[in-house]
Amino acid sequence: MPRFESIISRIVILHVVAVVITSILMSVGLSWLLSYATNNIHDKAMQEQANAVAEHLSLSPDGHLELNLPSDLRGLYSQEYGRYSYAVIDDQGRVLFSSLKDRAALFRADGRSADVAFLQQRRGNATVSGASVRKTVGDRNVWVQAGEDLTNRDVLTDDIVADFYKNVGWITLPILLVLLITDIAIFRRALRPLRQASEIAAEIGPARPGLRLPTEEIPREVRPLVSAVNQGLDRLEEAFKVQRDFTADAAHELRTPLSILRTRIDFLEDQETRQALRQNVEGMAHIISQLLDIAELDALAIEPSEKADLQSVAAEVAEFVAPLALAQGKDVALYGTTEPVWVKGNPEMLSRAIRNLAENAINHTPPGSTVEFLVENGGTVSVLDHGPGIPEDERKLIFRRFWRRDRRKAGSTGLGLSIVQRIAELHSATITVENRRPHGACFSLKFVPLK
Ligand SMILES: Nc1ncnc2c1ncn2[C@@H]1O[C@H](COP(=O)(O)OP(=O)(O)O)[C@@H](O)[C@H]1O
Ligand SMILES: [Mg+2]
């Protein structure tokens, strides 16, 4: 199972990782910088102290070196204060002067080669860090060492360095969180056109094959995908059209041989054969006209402005099919409202749908019974009969093209209800089937009423 499927959740995860790593690196880096800076300051200060001590070195008339520190400096290097110390050594490594109790040098490796050296040495529990500076007094080279006991070092600088981790963390975290939130907002914005394109894509289907995804606002990175999908849709639409045209052309082409066949049958001597063949030819003509209907409906789109009066359409159909019913000893009746019922749609299409339902009802209702048309104000028209009804397990099948219960029945194509369903689809109407008690079917079409 792929984790973090959404891009935003991926961004959040990667961002959190980045936030953590950046916080750590920044605190480490900055605290290193700070301690480098403080050490630098310390080194400079020690060098200055060594210089200051060196200023008070002088050569006595008998050739001895003397160190006369003023009282403030003496206080600075006193044992009581204990923080700073100095020592002066000569080129033999002898200690000439020292502020330490044992008169020792501060640094063993005194760096007597360099002019200035920064050194560090442990003494007992303490670490002394400082500088060694070369000086020339008269004709003698001496090294003045000045150091600071790090255990007594300035508390303030130490505190800053120690607190740095915490402080930097607190500063970087909110900044990076703000960045994260901004990123998410930017991303959501960038993805919005994709969401809109998805909504349009959901509408694409046989009823609206001409729809295409908008490319204008799509992010450049995704645009090739969207264009490719659109080109795919172009090809599908083209193939769809070829298919549809083929059905229409085939049905059309069949009409001429069929009418020749009709004329030939009319010249037949045998009355009985002639009658039977005529029926077969009418069945074929029915199939062809329904195929043409289907091909036409596949290409059709309903204008949003079209409207129809469901009541008068139903009344016309009832009138149209009445002779057919009467010829089979069946009756037709119209119920419901007598007021116009305006719905969105094409009157010719509605009429075709209701006629198909009516023909089915007349075919299935037993002689002596009545097929009823019921028109309701909400935009519903129902056709009811007293036939066998539709078993539960056939209610989806009956709308399939070419599906019929009895394949041997003359004039049965299985196309009628698929035409009805297609018309319903084009009108955003719903079609429902119910059985009646004690027997019979009730087909209802619910259209979108006009306010
Ligand atoms: N009113 C009805 N009562 C019972 N069965 C029906 C009714 N209407 C349709 N059917 C069943 O649904 C099948 C498909 O109907 P339809 O698509 O109109 O095709 P056709 O009428 O050409 O058979 C019919 O063959 C029939 O078995
Ligand atoms: Mg039918």
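The residue numbering used here restarts from 1 in each chain and proceeds along that chain's sequence as written. Key to labels: chains lettered from A, ligands numbered from 1, both in the order written. This being a predicted model, a pLDDT of at least 70 is required before a residue's local features are given, and a value of 80 or more before pairs of side-chain atoms are given or counted; all residues contribute to the totals for chains, interfaces and linings. For side-chain calculations, the full set of non-hydrogen atoms in the structure is used, while hydrogens and water are omitted.

Draft legend 1. Up close: the pattern of salt bridges. Only one rule defines a salt bridge in this text: a Lys or Arg side-chain nitrogen within 4 Å of an Asp or Glu carboxyl oxygen. For the coordinates displayed, the defined rule picks out 17 salt bridges. A salt bridge links Glu148 to Arg83; the nearest nitrogen and oxygen atoms lie 3.0 Å apart. Of this pair, Glu148 sits in strand β7 (residues 140-149) while Arg83 sits in the loop between α2 (71-76) and β3 (84-90); the two residues are 65 residues apart in sequence, bridging distant segments of the chain. The cut-offs for exposure are 20% and 50% of the maximum accessible area for each residue type, with area from a 1.4 Å probe on protein chains only; residues under the lower value are buried, those over the upper are exposed, and the others partly exposed. For Glu148, a relative accessible area of 4% corresponds to the buried category. Since its relative accessible area comes to 17%, Arg83 is described here as buried. One salt bridge connects Arg94 with Asp90, and the closest N-O pair in it is separated by 3.0 Å. Residue Arg94 is classed as partly exposed on the basis of its relative accessible area of 47%. Residues joined in a network through salt bridges with shared partners are Asp293, Glu296, Glu348 and Arg352. Runs of H or I in DSSP of at least four residues are treated as helices and runs of E of at least two as strands, each being numbered from the N terminus.

Draft legend 2. Representation of helix α6 (residues 310-327) in the model. A helix's residues, less one, multiplied by 1.5 Å, set its expected span. Here α6 spans 26 Å end to end across 18 residues, near enough to the 26 Å set by a 1.5 Å rise per residue. Most pronounced at Val321, the bend in α6 amounts to some 40°, and the proline Pro323 follows within four residues. Of the residues making up α6, those classed as buried are Leu310, Gln311, Val313, Ala314, Val317, Ala318, Val321 and Ala325. The contact criterion used is simple: two residues touch if any of their non-hydrogen atoms lie within 4.5 Å. Next to the buried residues of α6 lie β8 (307-309), β9 (331-336), β10 (342-344), α7 (347-364), β11 (370-376) and β12 (380-384). The term polar contact refers here to a pair of N or O atoms within 3.5 Å; inside protein, the definition further demands a hydrogen-donor-capable atom paired with an acceptor-capable atom, and it admits residues adjacent in sequence only when both atoms are side-chain atoms. The N-cap residue of α6 is Asp309: its side-chain oxygen and the backbone nitrogen of Gln311 are 3.0 Å apart. Two axes are fitted around each residue, one to the seven residues ending there and one to the seven starting there, and the angle between them is reported as the bend at that residue.

Draft legend 3. Structural view of the packing of helix α5 (residues 271-299) against helix α8 (residues 416-426). At a closest axis distance of 10 Å, the pairing of α5 and α8 adopts a crossing angle of 20°. As far as their axial angle goes, α8 and α5 are roughly parallel. Considering only the axes of α5 and α8, their crossing is left-handed. Here α5 contributes Gln290, Asp293, Ile294, Leu297 and Asp298 to the contact with α8, which in turn contributes Gly416, Ser418, Ile419, Arg422, Ile423 and Leu426. Each residue is assigned to one class: nonpolar for Ala, Val, Leu, Ile, Met, Phe, Trp, Tyr, Cys and Pro, charged for Asp, Glu, Lys and Arg, and polar for all the others, Gly among them. Split into classes, the residues belonging to the contact of α5 with α8 amount to 5 nonpolar, 3 polar and 3 charged. All axes here are fitted lines through C-alpha atoms, helices being fitted over the stretch that makes contact, and every angle between N-to-C directions spans 0 to 180 degrees. Comment on the angle field: the value is read as roughly parallel under 35 degrees, roughly antiparallel over 145, roughly perpendicular from 65 to 115, and oblique elsewhere. Whether a crossing is left-handed or right-handed is set by the direction in which the near helix is turned from the far one by less than a right angle, anticlockwise for left-handed and clockwise for right-handed.

Draft legend 4. View of the sheet that holds strand β6 (residues 126-137). The rule for pairing is simple: two strands pair if DSSP sees at least two bridges between them. The strand order across the open sheet formed by 5 strands is β4-β3-β7-β6-β5, and the pairing between neighbours is antiparallel. Among the strands making up the open sheet, the edge pair consists of β4 (95-98) and β5 (116-123). Recorded for the sheet is a direction-independent mean angle of 25° between the axes of neighbouring strands. Bridge count between β3 and β7: 7 bridges; the pairing is antiparallel. Within the sheet, the bridge partner assigned to Tyr84 lies in β7 and is Glu148. Helix α1 (residues 7-55) rests against β3, β5, β6 and β7 of the sheet, and its axis sits at about 45° to β6.

Draft legend 5. Broad picture of the layout of surface pockets. A cavity here means a set of points on a 1 Å grid, drawn over the protein atoms and nothing else, where a 1.4 Å probe fits but cannot get out; a pocket is an open set with protein on both sides within 12 Å along at least five of seven lines, and a residue lines either one if it has an atom within 4 Å of a point. Grid points are joined across faces, edges and corners, and a volume is the space filled by probe spheres set on the points. Roughly 990 Å³ of internal volume is contained in the largest pocket. Around the largest pocket, the lining comprises 37 residues; the ones closest to its centre are His286, Asn360, Asn363, Gly411 and Ser412. Broken down by secondary-structure element, the contributors of at least two residues to the lining of the largest pocket are α5, α6, α7, α8 and β14 (441-446). Sort the elements by how many residues they give to the lining of the largest pocket and α7 lands first, with 8 residues. Grouping the constituent residues of the lining of the largest pocket by class yields 12 nonpolar, 15 polar and 10 charged. Note: domain ranges come from an automatic or database domain assignment. Taken together, domain 2 (223-299) and domain 3 (307-446) each give at least three residues to the lining of the largest pocket, which thus spans both. Roughly 350 Å³ of internal volume is contained in the second largest pocket. Contributing to the lining of the second largest pocket are 17 residues, with Phe240, Ile294, Asp298, Arg401 and Arg422 lying nearest its centre. Secondary structure elements with two or more residues in the lining of the second largest pocket: α4 (223-266), α5 and α8. For the lining of the second largest pocket, the residue count by class is 8 nonpolar, 4 polar and 5 charged. When residues of the lining of the second largest pocket are assigned to domains, at least three map to each of domain 2 (223-299) and domain 3 (307-446).

Draft legend 6. Inspection of the site of ligand 1 at higher detail. We define proximity as follows: a residue is near a molecule or strand when any one of its heavy atoms falls within 4 Å of that partner. Around ligand 1 there are 16 residues in total, and Asn360, Asp385, Ser412, Thr413 and Leu417 lie nearest to it. Working definition of accessibility: Shrake-Rupley area with a 1.4 Å probe, residue cover restricted to the visible protein chains. Considering ligand 1 on its own, with 530 Å² of exposed area, one finds that the protein chains cover 95% of that surface. Going through the elements one at a time, α7 and α8 are the ones with two or more residues in the shell around ligand 1. A breakdown of the residues in the shell around ligand 1 according to their chemical character gives 6 nonpolar, 7 polar and 3 charged.

Draft legend 7. Structural context of the nonpolar core. We define the nonpolar core as a collection of buried residues of types Ala, Val, Leu, Ile, Met, Phe, Trp, Tyr and Cys that are connected through side-chain atoms lying within 4.5 Å of one another. Leu310, Ile354, Phe373, Val381, Phe443, Leu445 and Phe447 are the most contacted members of the largest nonpolar core, which totals 52 residues. Counting residues per element, this core draws most heavily on α7, which supplies 8 residues. Counting only domains with at least three residues in this core, you end up with domain 2 (223-299) and domain 3 (307-446). Those residues within four positions of Phe373 in sequence are excluded, and the remaining contacts are Ala314, Val317, Ala318, Val321, Val332, Ala333, Leu334, Tyr335, Ile354, Ala358, Ser382 and Val383. Membership of the second largest hydrophobic core comes to 20 residues, among which are Ala54, Leu67, Leu69 and Tyr77.

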